[in-house]
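# Breakdown of the fold
Listed here are the chains, written in short residue letters.
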Amino acid sequence: MAYDLVIRNGSVVDGSGGAPVPADVGVVDDRIACVGRIREKGEEEIDAEGHVVTPGFVDGHTHLDAQICWDPLGTSACWHGVTSVVMGNCGFTVAPGRESEAHLALRSLERAEDMSAEVLAAGVKWRWETFREYLDVVDALPKGIHHAGYIGHSALRTYVMGERAFEEKASPDDLAAMCREVEDAMKAGAAGFTTSRSPSHETSDDRPVASRLADWDEVRSLVGVMGELGSGVFELANEQHRDAASLAEYHGRLRDLAVESGRPVTFIVASARQIPGGSKGMLDLLDETAAAGGRMFGQTHAREFQGVLSFRTALPFDPLPVWRELRARPLEEQRAALRDANTRARLIEEAQQGRYARAIGAEVRAPDYDWIRVFDTPLPPHRTVAELAAERGTDPVSLMLDLCEKSDLEQFFVQPFANQDQDDVLEMLQHPRTVVATSDTGAHVSQISDSSIPTYLLAHWVRERQAIPFEQAIRKLSFEPAAAWGFLDRGLVREGFIADLNVIDPATVAPRMPEVAYDLPGGAKRLKQGAQGIAATIVAGQTLMRDGEHTGALPGRLLRGSAWR
């Protein structure tokens, strides 16, 4: 047999959770043609000696709907072994929507997803109205990795209701029109339907995003459309309840919806001090739903949810008046101001005594120095600002300023806002009804840096902590999410499957430090983060990345629902 690609001398971890097997992998066109010993020479050859060959990773929680319009590679996901993504989570999409009313759909993205109106206007060229037409545009765009797309509730509401979507309950006619568009979107290949019920999602003018105006009957009706068609996943950003009774009532609604619709329901499972029962209540809900005959799976992170802080992005002190005046200046002027003793004293005093603004989602919060850590290596442990300040006999703000000044304002800090208990994180990762899928790639672009979840999982929990076997971690990143979202021809290194593959060095795989880039449309900033220890990433049989560098290939495809039913 003539092979287009042969990966030789590697150890195959096939995604099933089984033990590694020494084998070559042969590819013809876009499919795996052989897993075994291959004598024939391939048109292209990769020597995987000392490496593990795995399936490509599937990231089910991204927000690349807008970014795909200007970034064909799908960064930063592509640098961490991700070969397929699902975009359109939490109800936030750029379709459906008329070009004349684009501002309505985009309004829900600006604050909730950290995408400025200027970036979106510069980067998104409106060539669609319906979701079907949006999928056709994405299908035609050059892509490095595969993309599947949900239809989002906020865009759907503004498409049907206009400005009323931010103000009113849907009328029967409104709901009928939304149901028709969801049905058409699903028939065109949408991955499912998403919404947000979370108070963490607001517009730039401090109003709830459009989906939050919907009552539960509206949500049930729209999910019911998928139930009637027998396809699609329902994803949502959860309601937040502070008392056990109302939380139990909400969990009951979700369980009943999964059972009555017959569609899989998914959401982020996280641990936070403000959630009654923490992650345990969410994990119990997954099991209760399965026992009741419904399908439900959780999406887990591999570490704390944490904001990334720096002079080059954002700091907790930015909303304070003296700091706000400083931070409006160019970085060179900020650097000079820190050297002035009087200015520095004023900044420290205000940071210690000022009143901080309310933060939502991934926005920078008021400082908690017992939790803010000095982020100087990609993997933990990281010392807290409070610890280091006590060691050096100084106050925490002075310590942060000293480190920033010494690093030419390059110093990063991180402050967690969920998943603070790492025992909870491990429990969530090990639960049989969860998948690793909470990167938010394409959103919170200057606030967090979570595309690195796959390489963090392999470096921290597998290699350093030895808490999760390598084979199980690969299954969590590949086969399980592929199965959860119905991608039935990927997620395993098996003959006949799509040749989405990674060649990984288990001894060195890890995220690199994030960096600030100014490569968004209009030169806006974002955080980018690469990886080490991935020798190659293959997408649909073509080598996309070699040692972290793009080969020039763009083999990615739109994954339409009809392709995997």
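Before reading further, recall that the structure is shown in the block above.
The text that follows walks through the structure, step by step, so that each part is easy to find. (Residues numbered from 1 in each chain as written. Predicted model: local features only at pLDDT ≥ 70, side-chain atom pairs only at ≥ 80, totals over all residues. Heavy atoms only, no water.)

### Some points on the overall build of the chain
This is how it is decided: Secondary structure is summarised from DSSP: a helix means a run of H or I of at least four residues, a strand means a run of E of at least two, and numbering begins at the N terminus for each. Atoms counted for the radius of gyration: C-alpha only. Globule rule: 2.2 Å times the number of residues to the power 0.38. Only protein chains enter the accessibility calculation, which uses a 1.4 Å probe; a residue whose area is less than 20% of its type maximum is buried, one above 50% is exposed, and one in between is partly exposed. Any pair of residues with heavy atoms lying within 4.5 Å of one another is described as a contacting pair.
When its secondary structure is counted, the chain shows 17 helices and 25 strands. The C-alpha radius of gyration of the chain comes to 23 Å, within 12% of the 24 Å expected for a compact globule of 565 residues. Projected onto the principal axes, the alpha-carbon positions of the chain cover approximately 75 × 60 × 45 Å. Per-residue burial over the chain gives 62% buried out of 565 residues. Put simply, of all contacts in the chain between residues at least 6 apart along the chain, 75% involve residues at least 24 apart.

### Some words on the pattern of salt bridges
Worth spelling out the cut-off: What makes a salt bridge here is a side-chain nitrogen of Lys or Arg within 4 Å of a carboxyl oxygen of Asp or Glu, nothing more.
As enumerated under the stated definition, the model contains 49 salt bridges in all. Between Glu325 and Arg329 there is a salt bridge; the shortest N-O distance is 2.9 Å. With a closest N to O distance of 2.3 Å, Glu332 and Arg335 form a salt bridge. Note that Glu332 and Arg335 are positioned in helix H10 (residues 331-338) at a spacing of three residues, about one turn of the helix. Through salt bridges that share partners, Asp30, Arg31, Asp489, Arg490, Asp500 and Arg557 make up one connected network.

### Section: the packing of helix H5 (residues 172-188) against helix H6 (residues 216-229)
Relative orientation and spacing of two packed helices are given, respectively, by the angle between their axes and the distance between those axes. Operational definition: Helix axes are fitted only over the stretch in contact, all axes being lines through C-alpha atoms; the angle between N-to-C directions runs from 0 to 180 degrees. The crossing is said to be left-handed when, going from far helix to near helix, the turn is anticlockwise and less than a right angle, and right-handed when the turn is clockwise. Only Asp, Glu, Lys and Arg are considered charged in this grouping, and only Ala, Val, Leu, Ile, Met, Phe, Trp, Tyr, Cys and Pro are considered nonpolar; every other residue, Gly among them, is considered polar.
Orientation of H5 relative to H6, taken along the N-to-C sense of each, is 35°, at an axis distance of 10 Å. Considering how the two elements wind past one another, H5 and H6 form a crossing that is right-handed. On H6, the residues that touch Leu175, Met178, Cys179, Val182, Glu183, Met186 and Lys187 of H5 are Glu218, Ser221, Leu222, Val225, Met226 and Leu229. Each residue belonging to the contact of H5 with H6 can be placed in one class, and the counts come to nine nonpolar, one polar and three charged.

### Things to note about the nonpolar core
Cut-off, in case you're wondering: Here, nonpolar core means buried Ala, Val, Leu, Ile, Met, Phe, Trp, Tyr and Cys residues that are tied together by side-chain atoms lying within 4.5 Å of each other.
Among the nonpolar cores identified, the biggest contains 100 residues, and Tyr134, Phe267 and Leu458 are the most heavily contacted of them. Sort the elements by how many residues they give to this core and helix H15 (residues 453-464) lands first, with seven residues. Contact partners of Leu458, with chain neighbours within four places excluded, come to Phe57, Arg463, Phe470, Ala473, Ile474, Leu477, Ile504 and Val509. One finds Leu315, Leu338, Val374 and Ala389 within the second-largest nonpolar core, a separate group that totals 28 residues.

### What to know about the environment of Ala483
Within the secondary structure, Ala483 is located in helix H17 (residues 479-484). For the pair Ala483 and Val58, spaced 425 residues apart in sequence, the C-alpha to C-alpha distance is 9.9 Å.

### Quick look at the sheet that holds strand E16 (residues 412-418)
Strand-to-strand pairing in sheets goes through backbone hydrogen bonds, with the strands running parallel or antiparallel. What counts is decided by this rule: We treat two strands as partners when DSSP finds at least two bridges between them.
Read from one edge to the other, the open sheet built from three strands follows the order E14-E16-E15, with strand pairing classed as antiparallel. Lying at the two open borders of the sheet, with one neighbouring strand each, are strand E14 (305-309) and strand E15 (373-375). Strand-to-strand twist of the sheet, defined as the mean angle between neighbouring strand axes without regard to direction, takes the value 40°. Two elements, E14 and E16, share five bridges in a ladder whose sense is antiparallel. Across the sheet, residue Gln306 finds its bridge partner in E16, namely Pro416.

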